Number of protein chains: 2
Amino acid sequence: MRDAYHEELDSIGDGLVEMARLVGSAIGRATTALLDADLKIAESVIAADERVDAIQRDLENRSIDLLARQQPVATDLRIVVTGLRMSADLERSGDLARHVAKLARLRFPQSAVPADLHSTVLEMGQLAQRLMSKAAEVIISKDVEAALQLEADDDRMDELHRTLFQRLLDDRWKHGIETAVDVTLCGRYYERFADHAVSVAKRVVYLVTGEHADERGTASLPGPIAGTIGGSGGETDGDA
Amino acid sequence: MRDAYHEELDSIGDGLVEMARLVGSAIGRATTALLDADLKIAESVIAADERVDAIQRDLENRSIDLLARQQPVATDLRIVVTGLRMSADLERSGDLARHVAKLARLRFPQSAVPADLHSTVLEMGQLAQRLMSKAAEVIISKDVEAALQLEADDDRMDELHRTLFQRLLDDRWKHGIETAVDVTLCGRYYERFADHAVSVAKRVVYLVTGEHADERGTASLPGPIAGTIGGSGGETDGDA
């Protein structure tokens, strides 16, 4: 039978998954609003970000209360601190989706994205949503291989971002400065959103293995060293 | 005589001040590199960001070890968690200064900023550095009024950012798309840097008063409710 501590840890993990699902949905819907110049969807994304912020604050309070109620060893602290960092990544992702939606709203009834860039931006939006969806899965599954895979998927985002810039900087760009500015900012929003999804996945790797994803080789994975949200574990060194 | 806990808390506070000073210096030097097309300074800013990241990791480890060595009440946890959030803001600020420097390096031997925008960008860089310098002071002084003042100063950054956009979107813009993209990204880096400085100051307000800066009225300030880095205090509610 699970003790109260692990129940609460699981519940905090559930909160992180909920945040990831909300912001993944938000970036998808914001992309639709942007490309279709859909004001209603844009407004709904902007309004819905308040819920993401509220969950983040709640998770933070609950994390602190949880630690205050027991004698935490360093491992427990690292788990909860890592969870707090994940919630900060997810909250920031929500903000980025909101920025995309605000741009859609600003340029309504036009689309901020010219027709010849629609497919590139669509792919960026879809990829961002997929990355966040995988990040949510990884929080639940604690599958380290899947978590490490996100970083490879993120390479595609970098390619798309470069494509966007190449088109912007091409002599044949005919859409003017305002659109160039809009597209530049959008590209950055999607790129940063993807960074945060990858960051969330890397923190899961850290929770499971006790090692930072950047420092790991491609050798076979060690067994769980550190505790995880929902799991148990022993002492760990290295930084959170 | 101060106990070991408060000594270590003070030391963590010192680490935050050091980070703030380093990133404040970085944004100033990055601005010089950008406007003067100075490759050496750009390279030094890029290299120096590693130190900022290293301090952040060290503060995180020390924070966790500190809490593990004693029975933390909720207040202690909030202090340390708030310190961790401040170090994350400061680390991200260092990244933004590094982005400015990378842009300077990318466009060398040209300046990425056209001559007629130099004074605007210069003012943004100087303001960013000043805001971070004040944030560092506020960490030391715990002066709530000074901390709240940063948000007012940040209004000037928003004005400058708008000026930049107005110039970009003016029909008479003659510098082409690449420069428009560069200036757009730069404007965003400075704006986000300032946001992080304000965020650091707001967290000091929270540490001192137990209330979030956004929720406070302009009534006279309550006395210290929560503990602070370097101080002592009692129970608090509200979120970190």
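Since this is a predicted model, take the numbers as computed values, not measurements.

Chemist: Help me get a handle on the overall build of chain A, residues and values and all.
Modeler: Each helix and strand counted, chain A has 6 helices and 0 strands in total. Counting helices and strands in the order they occur from the N terminus, chain A gives α-α-α-α-α-α. Per-residue burial for chain A yields a buried fraction of 57% across its 240 residues. Residue pairs in contact within chain A that sit at least 24 positions apart in sequence constitute 80% of those at least 6 positions apart.

Chemist: With reference to specific residues and values, describe the environment of R188 of chain B.
Modeler: With respect to the element layout, R188 of chain B can be found in helix α6 (residues 176-209). For the pair R188 of chain B and L96 of chain B, spaced 92 residues apart in the sequence, the C-alpha separation amounts to 9.2 Å. Excluding residues that lie within four positions of it along the chain, R188 of chain B makes contacts with R92, L96, H99, L185, R188 and Y189 of chain A together with H161 of chain B.

Chemist: A description of empty space enclosed by the protein should follow, citing residues and the corresponding values.
Modeler: Which parts of space are left empty comes out when a probe the size of a water molecule is rolled across the atoms. Residues and elements named next belong to chain A. Under the counting rule described, the total for this entry stands at 2 cavities of 30 Å³ or more. Broken down by secondary-structure element, the contributors of at least two residues to the lining of the largest cavity are α1 (4-36), α2 (39-68) and α3 (74-107). If one sorts the elements of the lining of the largest cavity by residue count, α3 sits on top with 5 residues.

Chemist: Can you explain α3 of chain A? Please cite residues and give values.
Modeler: The terminal C-alpha atoms of α3 of chain A lie 50 Å apart, and with 34 residues this matches the ideal 50 Å at 1.5 Å per residue to within 8%. Judged by how many residues are buried, α3 of chain A sits mostly within the fold: 29 of 34 residues are covered.

Chemist: Now, about the nonpolar core: what can you tell me, with residues and values included?
Modeler: Residues L34 and Y190 of chain A together with L34 and Y190 of chain B are the most contacted members of the largest nonpolar core, which totals 150 residues. When sequence neighbours within four positions are dropped, the list of residues in contact with L34 of chain A reads V100, L103, A104, S111, A112, V113, V121, C186 and Y190 of chain A.

Chemist: Account for the interface of chain A and chain B, with residues named and values stated.
Modeler: Chain A puts 38 residues into the contact, and the matching count from chain B is 38 residues. When chain A packs against chain B, the two sides together hide about 3,100 Å² of surface, and 62% of this comes from carbon and sulfur. Its largest share of buried area at the contact with chain B, chain A owes to I64, I177 and R188 of chain A, together 19% of the area lost on that side. Viewed at the interface, chain B and chain A are joined by 2 salt bridges. Of the charged contacts in the structure, one is a salt bridge between R85 of chain B and E60 of chain A, with a shortest N-O distance of 3.0 Å. Only α2, α3, α5 (144-169) and α6 (176-209) of chain A provide two or more residues apiece to the side of chain A that touches chain B. Classifying every residue of the side of chain A that touches chain B gives 21 nonpolar, 7 polar and 10 charged.

Chemist: How would you explain the packing of helix α5 (residues 144-169) of chain B against α6 of chain B if you had to name every residue and give the values?
Modeler: Residues and elements named next belong to chain B. In contact at an axis separation of 9 Å, α5 and α6 are set at 170 degrees when each is read in the N-to-C sense. The orientation of α5 with respect to α6, classified from their angle, is roughly antiparallel. When you trace α5 past α6, the crossing you get is left-handed. Here the residues of the contact of α5 with α6 sort into 17 nonpolar, 4 polar and 7 charged.

Chemist: Describe in detail the environment of R203 of chain A, supporting the description with residues and values.
Modeler: Residue and element names in this part refer to chain A. Tracing the backbone shows R203 in helix α6. When the C-alpha atoms of R203 and E159 are compared, they prove to be 24 Å apart, with 44 residues separating the residues in sequence. If near-sequence neighbours (up to four positions away) are discounted, R203 is found in contact with T82, R85, M86 and D89.

Chemist: Describe in detail the UniProt feature "domain: PhoU" (unreviewed entry) in chain A, supporting the description with residues and values.
Modeler: If you check UniProt for "domain: PhoU" (unreviewed entry), the listed places come out as residues 16-103 and 121-204 of chain A in our numbering. Between the end C-alpha atoms of residues 121-204 of chain A the distance is 29 Å, and the span holds 90% helix and 0% strand.

Chemist: Account for the relation of the copies chain A and chain B, with residues named and values stated.
Modeler: Between the two copies of the chain lies a relationship made up of a rotation around an axis and a movement along it. After a rotation of 180 degrees and a shift along the axis of 0.0 Å, chain A superposes on chain B with an RMSD of 0.0 Å. With respect to symmetry, the two chain copies, as superposed, fit the operation of a two-fold axis. Both copies contact each other with a shared surface, as 100% of the interface residues of chain A are interface residues in chain B too.

Chemist: Residues and numbers for the pattern of salt bridges, please.
Modeler: Residues and elements named next belong to chain A. The full count for this structure, using the stated rule, is 40 salt bridges over all chains. Salt-bridge contacts for R107 lead to E178; the nearest nitrogen and oxygen are separated by 3.4 Å. With a gap of 71 residues between them, R107 in helix α3 and E178 in helix α6 connect regions that are remote in the sequence. One network of salt bridges, with partners in common, ties together D49, R92, D95 and R98.

Parameters at a glance
Residues numbered from 1 in each chain as written. Chains lettered and ligands numbered in written order. Predicted model: local features only at pLDDT ≥ 70, side-chain atom pairs only at ≥ 80, totals over all residues. Heavy atoms only, no water. Helix = DSSP H or I, 4+ residues; strand = E, 2+ residues; numbered from the N terminus. Buried < 20%, exposed > 50% of the residue type's maximum accessible area, 1.4 Å probe, protein only. Contact = heavy atoms within 4.5 Å. 1 Å grid on protein atoms, 1.4 Å probe; cavity = no way out; pocket = protein on both sides within 12 Å on 5 of 7 lines; lining within 4 Å. Points joined across faces, edges and corners; volume = space filled by probe spheres on them. Expected span 1.5 Å × (residues − 1). Core = buried A, V, L, I, M, F, W, Y, C linked by side-chain atoms within 4.5 Å. Buried area = accessible area lost by both parts, 1.4 Å probe. Salt bridge = Lys/Arg side-chain N within 4 Å of Asp/Glu carboxyl O. Nonpolar A, V, L, I, M, F, W, Y, C, P; charged D, E, K, R; others polar. Axes fitted to C-alpha atoms, helices over the stretch in contact; angles between N-to-C directions. Parallel < 35°, antiparallel > 145°, perpendicular 65-115°, else oblique. Left-handed = near helix turned anticlockwise from the far one by under 90°. UniProt positions renumbered as here; feature names shortened; annotations may be inferred. Least-squares fit on C-alpha atoms with pLDDT ≥ 70 in both.

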